[in-house]
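Here's the letter readout for the chains.
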Amino acid sequence: MIRDTTVLMNEKRVFKPSEEIKENALVKNWEAEIEKGKNLEKYWSEKAEQFEWFKKWDKVLDESNKPFYKWFLGGKINLAYNAVDRWIKSEKRNQVAIIYINERGEEKKITFYELYLAVNKLANALKNLGVKKGDIVSTYMPMCPELLIALLACTKIGAIHSVIYSGLSVGSLVERINETQVKVLFTADGTYRRGKVIDLKSIADEAVLQCPSVETIVVVNHTGTPIELSKLSGREIFYERLVEGEASYCEPEPMDSEDPLFILYTSGSTGKPKGVIHTTAGYMLGTATTLRYVFDIHEDDLFWCTGDIGWITGHSYVIYGPLLLGTTTVVYEGAPDYPDPGVWWKIVEKYGVTKFYTAPTAIRHLMRFGIRYTDLYNLESLRILGTVGEPINPEAWIWLYKNVGKERCPLMDTWWQTETGMHMISPLPVSDLKPGATALPLPGVDADVVDGKGNPVPVGKGGYLVIKKPWPAMFRNLHKNKERFKEIWSEFPGCIYNAGDMVRKDEDGYFWIQGRSDDVLKIAGHRIGTAEVESAFVSHPAVVEAAVIGRSDPIKGEIIKAFIILRGGYELKTKLIGELKKHVRHELGPVAVLGEIVQVDKLPKTRSGKIMHRILRAQEMGENLGDTSTLEE
Ligand code: PRX
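Residues numbered from 1 in each chain as written. Predicted model: local features only at pLDDT ≥ 70, side-chain atom pairs only at ≥ 80, totals over all residues. Heavy atoms only, no water.

*Asks:* I keep staring at the environment of Thr306 and nothing clicks. Help me out?
*Replies:* Counting through the fold element by element, Thr306 comes out in the loop between β16 (302–305) and α12 (312–324). Take Thr306: its relative accessible area is 22%, and that puts it in the partly exposed class. Here the alpha-carbon distance between Thr306 and Pro336, two residues 30 residues apart in the chain, equals 8.9 Å. Discounting chain neighbours no more than four positions away, the residues touching Thr306 are Trp344, Phe356, Tyr357, Thr358 and Ala359. Looking at Thr306, its side chain comes within polar contact range of the side chain of Thr358, at 2.9 Å. (Helix = DSSP H or I, 4+ residues; strand = E, 2+ residues; numbered from the N terminus. Buried < 20%, exposed > 50% of the residue type's maximum accessible area, 1.4 Å probe, protein only. Contact = heavy atoms within 4.5 Å. Polar contact = N/O pair within 3.5 Å; in protein donor to acceptor, adjacent residues only side chain to side chain.)

*Asks:* How should I be thinking about the packing of helix α11 (residues 280–294) against α12 in this particular structure?
*Replies:* In a packed pair of helices, the relevant descriptors are the angle between the two axes and the axis-to-axis distance. With their axes 8 Å apart at the nearest point, α11 and α12 run at an angle of 85 degrees to one another. In terms of orientation, α11 lies roughly perpendicular with respect to α12. Across the interface between the two elements, Tyr283, Met284, Gly286, Thr287, Ala288, Thr290 and Leu291 from α11 touch His315, Ser316, Tyr317, Tyr320, Gly321, Pro322 and Leu324 from α12. By residue class, the composition of the contact of α11 with α12 is eight nonpolar, six polar and no charged. (Axes fitted to C-alpha atoms, helices over the stretch in contact; angles between N-to-C directions. Parallel < 35°, antiparallel > 145°, perpendicular 65-115°, else oblique. Nonpolar A, V, L, I, M, F, W, Y, C, P; charged D, E, K, R; others polar.)

*Asks:* Explain the site of the ligand to me, please; I cannot follow it from the model alone.
*Replies:* Near the ligand you find 18 residues, and of these Asp413, Thr414, Thr418, Arg516 and Arg527 are the closest. Asp501 has a polar side-chain atom sitting 2.8 Å from an oxygen atom of the ligand. Calculation on the ligand without its partners gives an accessible area of 540 Å², and the protein chains cover 96% of this total. By residue class, the composition of the shell around the ligand is six nonpolar, six polar and six charged. (Near = heavy atom within 4 Å. Areas by Shrake-Rupley, 256 points an atom, 1.4 Å probe, with all protein chains shown as cover.)

*Asks:* Sorry, what's going on with the sheet that holds strand β24 (residues 497–505) here?
*Replies:* Ordered by their spatial adjacency, four strands build an open sheet running β21-β22-β24-β25, and the pairing between neighbours is antiparallel. Both edges of this open sheet fall to β21 (447–450) and β25 (511–516), since each of them pairs with a single strand only. Averaged over all pairs of adjacent strands, the angle between strand axes in this sheet comes to 45 degrees, irrespective of strand direction. Both strand β22 (residues 463–467) and β24 contribute to a ladder of four bridges, which runs antiparallel. Residue Gly463 lies in a different strand from β24, and its bridge partner there is Val503. (Pairing = 2+ DSSP bridges.)

*Asks:* How should I be thinking about the nonpolar core in this particular structure?
*Replies:* What tends to happen in soluble globular proteins is that the nonpolar side chains get buried as a cluster. Counting residues in hydrophobic clusters, the biggest one holds 162 residues, and the most contacted among them are Phe72, Leu115, Leu122, Leu152, Phe186, Trp345 and Trp489. Other than its neighbours up to four places away in sequence, Leu122 contacts Ile149, Ala150, Ala153, Phe186, Tyr239, Leu242 and Val243. Counting residues in each nonpolar core, the second largest holds 47 residues, with Cys211, Ile217, Ile560 and Leu580 among its members. (Core = buried A, V, L, I, M, F, W, Y, C linked by side-chain atoms within 4.5 Å.)

*Asks:* So what exactly am I meant to see when it comes to the packing of helix α18 (residues 530–538) against helix α19 (residues 574–588) here?
*Replies:* At their nearest, the axes of α18 and α19 sit 9 Å apart, and the two run at 125 degrees to each other. It follows from the interaxial angle that α18 and α19 lie oblique. In terms of crossing hand, the pair formed by α18 and α19 is right-handed. Residue-level inspection shows Glu532, Val533, Ala536 and Phe537 of α18 in contact with α19, the latter providing Leu580, His583, Val584, Glu587 and Leu588. For the contact of α18 with α19, the per-class residue count stands at six nonpolar, one polar and two charged. (Left-handed = near helix turned anticlockwise from the far one by under 90°.)

*Asks:* So what exactly am I meant to see when it comes to the pattern of salt bridges here?
*Replies:* Where charged atoms from two side chains of opposite charge come close, those side chains can pair. For the structure on display, the rule yields 43 salt bridges. With a shortest N-O distance of 3.0 Å, Asp205 and Lys201 are connected by a salt bridge. On the criterion of helical spacing, the pair formed by Asp205 and Lys201 is a turn pair, its members being four residues apart in helix α9 (residues 201–208). When the shortest N-O distance is used, the salt bridge between Arg551 and Glu596 registers 2.9 Å. (Salt bridge = Lys/Arg side-chain N within 4 Å of Asp/Glu carboxyl O.)

Given below as structure tokens:
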């Protein structure tokens, strides 16, 4: 859904950083840093010195086979070694690395040394299971310490991880596991959500019956309730049993800079989600560097990103960014409003969170409860705030800035994607801030707005958001879909990356993101393709055809509006509506929030039979239908 930034850009309020922020900031001169970043190779290779390399790189950037760019060629490095082992040789050895907290108020603190032991034991255990460099391991787990340990253990031995969000359904699990030929799957008995325990294991059990590649299922007894291992699969082992007796040292696998690190599925405009591949050194560099500068990370920081590890935000900024900087990271399992809408602020006060990174949808949800809950707690520890995942409306921006940040904390509206791996467009703490704008491309990033032919567009005019130069954490390929990967890079001349978003730049060069330019929806910040929802609809016996678009929603940003053609004999009554909602949710998980279902006789299509979503969207917004020459009738 495209938001109207003409109205938004009338927003003329500018918020300036305080003297204190400016004095403490790692980057004091924003413009000068952007200037430095223009020399890409110099900029990123200087930043790459922050890591311990087993072997230094021979070449910073190889552009000889576009769009298959390569960074830090010839380098040898290991992520887990840099995120964990490195710190136990320093004064951080006994510093808390992870604070796990759940909605029941239970907590677990894990020091870097304890994390080191746990990662090594599990890494050795995985090796004993026969997992080798390049094998794929999946997780279907709650936000819990074992999830972080599992991912780090994979990176230690060079296994590729493919995290599956714990809200996804059996079908999504089967599809992802079979496509990547997963060898080991980690799961848990359940996850806490608003006072209930959501059963994950029975979903995993059902899925693995259809997944012959899975040799072992590792089960974490997370909730502590007695569980029985499924007799059906006979491939299961408890986590505790698996690591029992394992040695506390595991040699880190020296990975090539360009060895794959993980695969993460995300929705595109075609039917099936795509497996985005990230590689080792560039991803490490991109996440650590952007976290350091955007959130101005110092030694005493306590960083909390509320994103789920099932998505890229959690990969980059719950686990890898913070641990690569030796920063304590908060891992929270639960909803923002349970047991009450003050739960997040209570955590900020209790633990002294200094940097807080969240999603606009959560803020809009919490705004409904007024300032009663933000006022109940002392939020003085906070220094910088951030949001991600969808455009933030100025009202939500101001609410967060005023009531949580108390007008002291700069708010970083960070634009990026699963594909970019790292923040791409964002202010820095010393920047002037405009509510609703993501400010400028970060140092070392070259982003722009172009028209359909790839030409720059004038100030204030909408266009496509593109990235013109390679960046270290860029995705390197799509799993088993090289052709689609190449297409994404060739839609505009000059091999530039089409991000799939519409954007406008203002007179200061600030980016105002309007929304997706393709058939991808953003529901509460979650990404879902219209084609996926449509195929979920037509898999119900009552539905012949379906077309879906996004409908604006005050809390979730957008939700699904579906136009369906019913099979003869069916009527769209309350019972069927309920059934369809349940069916789509079962197929796609709770991410698919259905707002409205409308019965129609026909759908607007091109002569070749493609649904013209554009026409439906224009109709929904009461806009001119535009060029209808390709419309069948
Ligand atoms: O449309 C943009 C939106 O989220 C998309 C990427 O989604 P995903 O890969 O799931 O990653 C989300 C977390 C990084 C983008 O194409 N988006 C992300 N951040 C912003 C945003 N839209 C506006 N403002 C943002 N700050």
